[in-house]
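Coordinates in review
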Amino acid sequence: MSRTEAAGSSGADAEMMGERTGADIRVLPVTDVPWDDVRTVFGTRGDPSTCWCQYFKVSPEVWKQGDVPAFERALCEQAAESGPGPGMLAYLGDVPVGWCAIEPRTSYSRILNSQIVKETREPLEAGDVWAVTCFVVRVGYRRRGVGSALLAGAVEHARSNGARVIEAYPMDPRVKKISAADLYHGPLPTFEAAGFETIARPSETRALVQLTL
C-alpha cells in the first residue's frame, strides 16, 4: 500500500460499522475548539498524523515532499481563519475523540481533478456544494457512535453555512472486505442511514453519494 492510499487511514471502518449509540457525544466546528484538542485526535503515529487532512488540498508535488510539520501548520491556519473552517471535532464528554473533514468542495483541488467526481450532478465550480472527505476516530473510542455523530454534525454545520448539497465518496464494505486505509472516506451504510443517495459507483466498492439540503 502506498503512502497516498494510506493518507487518511483511521480505523473508521471499525468505528462506523456496528457502532453503539447513546454516548454523550458533542460535535463542534474546529474553529471553536482548542488546537491541542485537534492534535490529540490526529495523534503522533499513523496516517492522520502525517496527512493532517491536506492530501486533497495540495499538489502531487507538494504531497510527495512529505513535509508533515507544514501540513500541520496548514490545518492550524485553516482552522484559525474566519469562516466555517475545515471540519468538525467530536467529544465524548470532555475528551476529543474524532474528526470529520467537511468544506465547500472547491476547497479540495485533488477531488475536483479526480475521476471520482466525473459523474457528479453538480457543476465543479459550485460553491454551495460541500464535501465530506475524511474521518478520524481515536483508538479506544470506536464503536461508540462517534462516526455517525460526526456525520450528523457535519451535515448541520454545512446546512447552517449555506450548503445546498453535500457530496461524499464512501466505500462499500458489503461488497468485499476493505482495508482500514481505504475506508477513511467512511463506509457507505453510514451515509445511507443519514439519508445520502448513491449517484454513481465509480468502482465496485466506491460510491459517489449526495444529500440535498
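Before going into details, it helps to say that this report is about the structure given with it. Since the model is a prediction, treat every value here as computed from it, not as a measurement. (Residues numbered from 1 in each chain as written. Predicted model: local features only at pLDDT ≥ 70, side-chain atom pairs only at ≥ 80, totals over all residues. Heavy atoms only, no water.)

Re the sheet that holds strand β3 (residues 95-104)
Threshold: DSSP calls a pair of strands paired once it identifies at least 2 bridges connecting them. Only DSSP runs of H or I reaching four residues or more are called helices, and only runs of E reaching two or more are called strands; each is numbered from the N terminus. In this analysis an axis means a line fitted to C-alpha atoms, helices contributing only their contacting stretch, and an angle means the value between N-to-C directions, from 0 to 180 degrees. Residue contacts are defined here by distance: any two heavy atoms, one from each residue, within 4.5 Å place the two residues in contact.
The mixed open sheet is built from seven strands, whose spatial order is β1-β2-β3-β4-β5-β7-β6. Each edge of the open sheet is held by one strand with a lone partner, namely β1 (25-29) and β6 (197-200). Averaged over all pairs of adjacent strands, the angle between their axes in this sheet comes to 30°, without regard to strand direction. In terms of strand pairing, strand β4 (residues 129-137) meets strand β5 (residues 165-168) through four bridges, oriented parallel. Its bridge partner lying in β5, alanine 131 is registered against glutamate 167. The strands touched by helix α3 (residues 35-42) within the sheet are β2 (87-92), β3 and β4, with β3 carrying the most contacts at an inclination of about 95°.

Quick word on α3
The line we're drawing: In this scheme, a residue with accessible area under 20% of its type's maximum is buried, one over 50% is exposed, and one in between is partly exposed, where area comes from a 1.4 Å probe on protein chains only. What the arc covers is the set of directions going from the helix axis to the C-beta atoms.
Residues of α3 that are buried: Asp37, Val38, Val41 and Phe42. Projected onto a plane normal to the axis of α3, the buried residues spread over an arc of 135° and lie on a single side. Where α3 is buried, its residues meet α4 (48-51), α6 (68-80), β2, β3 and β4. A positive backbone phi angle near 75° is found at glycine 43, which sits one or two residues after α3.

What about the pattern of salt bridges?
Our working rule: Each salt bridge in this description consists of a side-chain nitrogen of Lys or Arg and a carboxyl oxygen of Asp or Glu lying within 4 Å of one another.
If you walk through the whole model with that rule in mind, you get twelve salt bridges. The residue arginine 201 makes a salt bridge to aspartate 172 at a minimum N-O spacing of 3.3 Å. Here aspartate 172 lies in the loop between β5 and α9 (188-193) and arginine 201 lies in the loop between β6 and β7 (208-212), a separation of 29 residues in the sequence. The exposure class assigned to arginine 201 is partly exposed, which follows from its relative accessible area of 36%.

Quick notes on α6
Note the threshold: To estimate the expected span of a helix, subtract one from its residue number and multiply by 1.5 Å.
For α6, which comprises 13 residues, the first-to-last C-alpha distance of 19 Å matches the rise-based estimate of 18 Å (1.5 Å per residue) to within 8%. Within the span of α6, buried status applies to Phe71, Glu72, Ala74, Leu75, Gln78 and Ala79. Buried residues in α6, looked at end-on, bunch into an arc of 155°, giving them a common side. Across α6 from its buried face, at more than 90 degrees, point the exposed residues Glu77 and Ala80.

Some words on the environment of glycine 93
Mapped onto the fold, glycine 93 is located in the loop between β2 and β3. For the pair glycine 93 and aspartate 24, spaced 69 residues apart in sequence, the C-alpha separation works out to 5.8 Å. Leaving out residues up to four positions away in the same chain, glycine 93 has contacts with Asp24 and Arg26.

Some thoughts on the packing of α3 against α6
The criterion, for reference: Our angle categories are set so that under 35 degrees counts as roughly parallel, over 145 as roughly antiparallel, 65 to 115 as roughly perpendicular, and the remainder as oblique. For a crossing to be left-handed, the near helix must be turned anticlockwise from the far one by less than a right angle; the clockwise case is right-handed.
It is at 11 Å that the axes of α3 and α6 come closest, and there the two elements cross at 135°. By the criterion of interaxial angle, the relationship of α3 to α6 is oblique. In this structure, α3 crosses over α6, and the sense of that crossing is right-handed. The residues of α6 that touch α3, namely those facing Trp35, Val38, Arg39 and Phe42, are Glu72, Leu75, Cys76 and Ala79.

A look at the nonpolar core
Where we set the bar: Here, nonpolar core means buried Ala, Val, Leu, Ile, Met, Phe, Trp, Tyr and Cys residues that are tied together by side-chain atoms lying within 4.5 Å of each other.
In this structure, Val38, Phe42, Leu89, Trp99 and Tyr169 are the most contacted members of the largest nonpolar core, which totals 31 residues. Counting residues per element, the ones that place at least two in this core are α3, α6, β2, β3, β4 and β6. Residues within four places of phenylalanine 42 in sequence aside, it is in contact with Pro48, Ser49, Trp52, Cys53, Leu75 and Trp99. With 28 residues, the next largest nonpolar core counts Ile102, Val155, Leu188 and Phe191 among its residues.

Examining the packing of aromatic side chains
Two numbers describe a pair of aromatic rings. These are the distance of the centres and the angle of the planes. This is how it is decided: In summary, the pairing rule links any two rings of Phe, Tyr or Trp, Trp by its six-membered ring, whose centres are within 6.5 Å, and it sorts them by plane angle into stacked for under 30 degrees, edge-to-face for over 60 and tilted for everything else. Only lysine NZ and arginine CZ atoms are considered, and such an atom sits over a ring when it is within 6 Å of the ring centre and within 35 degrees of the ring normal.
Across all of its chains, the model carries nine aromatic pairs by this definition. Between phenylalanine 191 and phenylalanine 196 the ring centres are 5.1 Å apart and the planes differ by 85°, which places this aromatic pair in the edge-to-face class. Under the relative-accessibility criterion, phenylalanine 191 is labelled buried at 0%. Clustering of aromatic rings is evident, with ring pairs tying together Tyr55, Phe56, Trp63, Phe71 and Tyr184. Against the face of tyrosine 91 rests arginine 26, its NZ or CZ located 4.9 Å from the ring centre. The cationic tip of arginine 110 hangs over the ring face of tyrosine 55; the distance from NZ or CZ to the ring centre is 4.1 Å.

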